[in-house]
Amino acid sequence: MPETLDQSLKLIPNLDSLRGDSLVVTSPVDGAELAKLRVDSAAEVDGKIALSVKAFEAWRDVPAPRRGELVRLLGEKLRANKEDLARLVTLECGKILEEGRGEVQEMIDICDFAVGLSRQLYGLTIQSERPNHTMQENWLPLGPVGIISAFNFPVAVWAWNACLALVCGDSCIWKPSEKTPLTALACQALLDEVCQTFPEAPKGLSQVIVGTVEQGTQLVEDARVPLISATGSTRMGRAVGPKVAARFGRSLLELGGNNAIIVTESADLDIAIPSILFGSVGTAGQRCTSTRRVIVHESLVDEVFAKLSSAYLQIGESKVGSPLVAGTLVGPLIDGPAFEGMESALRAVESEAEAIVGGGRALESEFPNAFYAKPAVVKLKAQTPTIHTETFAPITYIIPYRTLEEALRIHNEVPQGLSSAIMTTDVRDAETFKRYSDCGIANVNIGTSGAEIGGAFGGEKETGGGRESGSDSWKAYMRRQTSTTYFGREKPALAQGIRFDV
Ligand code: NAD
């Protein structure tokens, strides 16, 4: 691992200037220290925001397709450094290397998307009720965008935000998770290299703030930052949302999920089971879109539970391991508190469960300072409030249902509303589900996790309501202006036929 680390840390050529002793970064792979960093002081955060405002004032005047060219070059840079960055993602957040590569690929994909977008930031022309008037809706750059990100997607979420913000004419300030600052510094260094070759890129166009909740709060409260895009727990969103609103800023919140798959009577289990497995135990259950609940028609519940139990036991015995080793499917949890969270969730549901299979710590003697967990599947008679909260770990709850109406009620009962799926071969059930799922994502015969960048990503209710990545999410990074022009030579008419003759 030291060789892997050295190679990946080469991505941060200025690392020595960032070292300090206020933030110790450890690897969830084995608990080893990766680096000790210095967090930004309040004055440094203030200075970065001031610089970001200046950068914005220059960048907004660069034509959007040129701004897209910068993002195209970033995409090329990421392609060239994909493997090293993916390894750093794996070392710092513990996802298996295959998923680390997938995360960097997602960054490359959003670069491509943003480049195309840079020639399409379309407004509208609107029919005026008055003669010789034209009306337009224009989209203009917004200002510095504050990006707060979670540990589990340490680089892709930044790219979703930054690539769109940059083509929209905004500058960016990124406060990554205190658990994954190295990947952020690596991305920043790659973008810096690109900016150095790009004459129109102003100093401070994109910056990283190293810090914890304290630095995040300073960013959130600063009125010079018109948009805060914050990804993380619902707890974080509850703190951030009101603070941004109090200063009339805009927030884009991407918070926790409690995602379910409904398996109907007509489901093809050869399709359903692999989707449930990847959604539930992939990324060690540490995706916002991880499958947490499987709502199964009563006629299939025993079969689904039996199939999942045997797969979970097999995975727990032979597929949990170092995420750097080929063949591992489930890497470590991020830290000890995450493992404690899994244990306490299993304890809490014990008295309500008909059966619990799997669970417990794995590989403790090999990795005494890391927290590997065996995935667990829990069979319940009914859904209860015990499972209304998100546990960021590989636990899957199986809940039976009789009618689709009941399944939808169970599905929508939780306070989160991110991702959902139905497994069915009945088009009537599929369409009914799409209409009544209260989530931002509703899939058919595809699991809850693993979204493509082309669609708008985000969810409702306690998931925060934000949308980022594809579709028209770019509009969150711009301000809308309605403009009416009179091109006649007579005295212009007033709207609504109002007379005001002097
Ligand atoms: P977290 O909420 O602990 O931290 C996320 C980020 O918010 C970190 O950078 C942290 O420093 C910052 N933060 C926390 N409290 C803050 C505050 N009061 N003010 C300003 N900044 C603050 O989340 P985590 O443990 O890193 O990530 C896991 C959570 O993130 C899960 O709930 C998961 O569902 C969610 N998540 C959601 C999405 C999504 O797109 N919906 C994506 C990834 C993760």
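The rules we used
- Residues numbered from 1 in each chain as written.
- Predicted model: local features only at pLDDT ≥ 70, side-chain atom pairs only at ≥ 80, totals over all residues.
- Helix = DSSP H or I, 4+ residues; strand = E, 2+ residues; numbered from the N terminus.
- Rg over C-alpha atoms; globule rule 2.2 N^0.38 Å.
- Buried ≥ 20, exposed ≤ 12 C-beta atoms within 10 Å, placed from the backbone.
- Contact = placed C-beta atoms within 7 Å.
- Pairing = 2+ DSSP bridges.
- Axes fitted to C-alpha atoms, helices over the stretch in contact; angles between N-to-C directions.
- Near = placed C-beta within 6 Å.
- Domains from an automatic or database assignment.
- Nonpolar A, V, L, I, M, F, W, Y, C, P; charged D, E, K, R; others polar.

## Some points on the overall build of the protein chain
Move 1: Check the secondary structure of the protein chain and you find 15 helices and 23 strands.
Move 2: For 502 residues, the compact-globule estimate of 2.2 N^0.38 gives 23 Å, and the protein chain sits close to it at 24 Å.
Move 3: When the backbone C-alpha atoms are referred to their principal axes, the protein chain occupies close to 80 × 60 × 35 Å.
Move 4: In the protein chain, buried positions account for 52% of the 502 residues.
Move 5: Counting only contacts in the protein chain whose residues sit at least 6 apart along the sequence, the fraction spanning at least 24 positions is 72%.

## Topic: the sheet that holds strand E7 (residues 206-208)
Move 1: Strand order in this open sheet of 5 strands is E7-E6-E5-E8-E9, and the pairing throughout is parallel. Because the sheet does not close on itself, it has two edges, and the strands there are E7 and strand E9 (250-254). Averaged over all pairs of adjacent strands, the angle between strand axes in this sheet comes to 15 degrees, irrespective of strand direction.
Move 2: Relative to strand E6 (residues 172-175), strand E5 (residues 145-148) runs parallel, the two being bridged by 4 bridges. Residue pairing across strands places Ile148 opposite Lys175, the latter belonging to E6.

## Regarding the site of the ligand
Move 1: In the region of the ligand, 30 residues are neighbours, and Ala150, Gly216, Gly232, Glu254 and Cys288 sit closest.
Move 2: Within the residue set of the shell around the ligand, elements represented by two or more residues are helix H9 (213-221) and helix H10 (234-246).
Move 3: It is H9 that provides the largest number of residues to the shell around the ligand, a total of 4 residues.
Move 4: Two domains each provide a minimum of three residues to the shell around the ligand, namely domain 1 (2-255 + 464-482) and domain 2 (259-444).

## So, the domain arrangement of the protein chain
Move 1: Examined at the domain level, the protein chain breaks down into domain 1 (2-255 + 464-482) and domain 2 (259-444).
Move 2: The C-alpha centroid of domain 2 is placed 31 Å from the C-alpha centroid of domain 1.
Move 3: Contact with domain 1, which involves 15 residues of that partner, is made by 16 residues of domain 2.
Move 4: Of all elements in the fold, only helix H5 (82-93) and helix H6 (97-117) reach the threshold of two or more residues within the side of domain 1 that touches domain 2.
Move 5: Classifying every residue of the side of domain 1 that touches domain 2 gives 6 nonpolar, 5 polar and 4 charged.

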